[in-house]
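# Topology and contacts: notes
Spelled out, the chains give:
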Amino acid sequence: MNSPREWLDLLPWRLGALVLVAAGIGGLLGQFWPALALCFGVIAAWQFWQLSRLLQLLRTQRRVPPPRGIGLFAQLTEQLHRRQHEARTRKRRLTTMLRAFRQAAASLPDAIVALDADDHRIEWFNEAAQRLLDLRYPGDLGRRLTRLETVPRVAEWLRGDAQEPLLDLPSPFHPGHRLTLRLLEYTPQQKLLVVRDVSKLMHLEQVRRDFVANVSHELRTPLTVVHGYLDMLDPDDMPDLAPMLREMRTQSLRMTQIVEDLLTISRLEAQERLPTERIVMRALLDTLQREARALSHGQHEIELVDTAGVNLAGSNKELHSAFSNLVSNAVRYTPAGGRVRLLFERTAGGGVRFAVEDTGHGIPAQHIPRITERFYRVSTSRSRESGGTGLGLSIVKHVLNLHGARLAIESEVGRGSTFACEFGPERVVERGAALSQFDED
Ligand code: ADP
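Anyway, here's the lowdown on the structure attached to this text. (Residues numbered from 1 in each chain as written. Predicted model: local features only at pLDDT ≥ 70, side-chain atom pairs only at ≥ 80, totals over all residues. Heavy atoms only, no water.)

## Details of the nonpolar core
For clarity, the threshold we go by: Buried Ala, Val, Leu, Ile, Met, Phe, Trp, Tyr and Cys residues form a nonpolar core when they are joined through side-chain atoms within 4.5 Å. Residue burial is assigned from relative accessible area. The probe radius is 1.4 Å, only protein chains are included, and a residue is buried under 20% of its type maximum, exposed over 50%, and partly exposed in between. Each helix is a run of DSSP H or I of at least 4 residues and each strand a run of E of at least 2, with the numbering of both proceeding from the N terminus. Note on definitions: a residue-residue contact is assigned when non-hydrogen atoms from the two residues lie within 4.5 Å.
Leu312, Phe323, Phe344, Phe354 and Phe423 are the most contacted members of the largest nonpolar core, which has 47 residues in total. A per-element tally of this core places helix H11 (residues 316-332) first, with seven residues. Contact partners of phenylalanine 354, with chain neighbours within four places excluded, come to Leu285, Leu288, Phe323, Val327, Leu342, Leu343, Phe344, Phe419, Ala420 and Cys421. With 24 residues, the next largest nonpolar core counts Leu135, Leu166, Leu169 and Leu181 among its residues.

## Digging into the sheet that holds strand S13 (residues 428-430)
As a reminder of what qualifies: For two strands to be treated as a pair, DSSP must find at least two bridges joining them. Axis geometry follows a simple rule: fit a line to the C-alpha atoms, using only the stretch in contact for helices, then measure angles between N-to-C directions, giving values from 0 to 180 degrees.
With respect to topology, three strands assemble into an open sheet ordered S6-S8-S13, the strand pairing being antiparallel. Unpaired on one side and paired on the other, strand S6 (277-279) and S13 mark the two borders of the sheet. Averaged over all adjacent pairs, the angle separating strand axes in this sheet is 40 degrees, with direction ignored. As paired elements, strand S8 (residues 310-314) and S13 share three bridges and run antiparallel to each other.

## Quick notes on the pairing of strand S1 (residues 111-116)
In terms of residue burial, S1 counts as a mostly covered element, since five of its six residues are buried. The pairing of S1 with strand S5 (residues 190-197) spans six bridges and is classified as antiparallel. Paired with isoleucine 112 across the two strands is valine 194, which belongs to S5. Relative to strand S2 (residues 122-125), S1 is paired through three bridges, and the arrangement is antiparallel. In the sheet register, valine 113 faces S2, and the bridge partner there is phenylalanine 125. Where S1 folds back onto S2 in an antiparallel hairpin, the turn is made up of five residues, including histidine 120, whose phi is positive at roughly 55 degrees.

## Re helix H4 (residues 72-106)
In plain terms, the rule: By definition here, a helix of n residues has an expected span of 1.5 Å times n minus one.
Helix length check: H4 (35 residues) gives 50 Å between terminal C-alpha atoms against 51 Å at 1.5 Å per residue, within 8%. Inspection of H4 places Phe73, Ala74, Thr77, Gln84 and Ala105 among the buried residues, and these make up the whole buried set. Each element contacted by the buried residues of H4 is listed here: helix H3 (32-59), S1 and S2.

## Here's the deal with the sheet that holds strand S10 (residues 352-358)
Spatial strand order, S7-S9-S10-S12-S11: five strands in an open sheet with mixed pairing. Strand pairing shows two members of the sheet lacking a second neighbour, strand S7 (301-306) and strand S11 (406-412), which therefore form its edges. The sheet shows a mean angle of 10 degrees between the axes of neighbouring strands, taken without regard to direction. The pairing of S7 with strand S9 (residues 339-346) spans six bridges and is classified as parallel. Residue pairing for S9: aspartate 306 is matched across the bridge by phenylalanine 344.

Quick look at the structure:
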């Protein structure tokens, strides 16, 4: 709302005075009407000139000068001048912020590439992207990341919805370097590709793996010797030392088993894929049932249910070892009188699952996410007493990963647990059918 003073400012006092003067002079000269007409003509021309000047300033985006005088035009010019000033200040602030953001993104050690969401053309990239992805500025703007996209693993990752990061990719640009790729949808029209050089991290991981493998390997020989000598000593010959000898034997056996399990994990970690054979499931399931019975010594009810009626494609040896681990756990962690059920059945998606159900101690929910980590145990004493190494589930997870399968764990304390290995349809082979899509090595 305008104040009374502003209303006064708006009124064309000066124009009124001019008209009065013109009318007075015209009246004195006996030319009242022509003088009045001339006066209005001059006023109209003046207004027109002011208007066209303002329009010209706005058109050429020049600054509207600060207002001079009073009246309608002064008010209008003042408003325009103020708005222009505010807009310029806002623009300057935004530009400074944008520049700061760009500088921050440009100086990040990870490669950042802004891509068009539809056709994956490059819209912007930072300095690290020039280094890691061999991009050239500005030549590569508007192009696609063809060299990267044609790497089979990347193509497959992009064909899926690339929700999960692509880990440990050998760089197609710099031999010996390893990359991790992540694709983020940050607006509906744009995606952000973040590429990190993980070569050093992978090297450290390799050093750690080699160290564990070497230590395990080095321990094997002395352990075999100690174990051999212990075997030669008969506790009946030295009754005083008998309890000690038995304990030494148990512990040396345990250590040998830990070393063997560590070597198995190292071997699995070093492999990218396993030989794929036809696994005759009926025979394997029977063997597993026999193993369970032998381990249980008749203390549990062991049941086998095979409704899948198919075979599996995978590594016979590794899958046998993984399934055996689950069966052995079920027997070891189920008190006498309990039941262990081996199930082999089809899943809704056309795949198949091998599950081991028990009515044992169960696992508290907070332990389940970590249970496949090396040496992670819910109860250390229970694991040791039953001859566990704490590495069994870690081996299972590695074997399943190499088969593109997953381990699903359900458990309730006091009621029992179910460990299920879920395989995709690509691993299912009809009984009697040839193993066409896999090379039987
Ligand atoms: P371990 O050799 O100790 O059995 P695993 O890696 O096979 O090592 O299992 C890790 C831990 O998971 C075990 O120590 C045990 O606490 C728990 N666990 C595994 N299977 C079962 C099961 N069927 N019922 C209850 N607890 C289990």
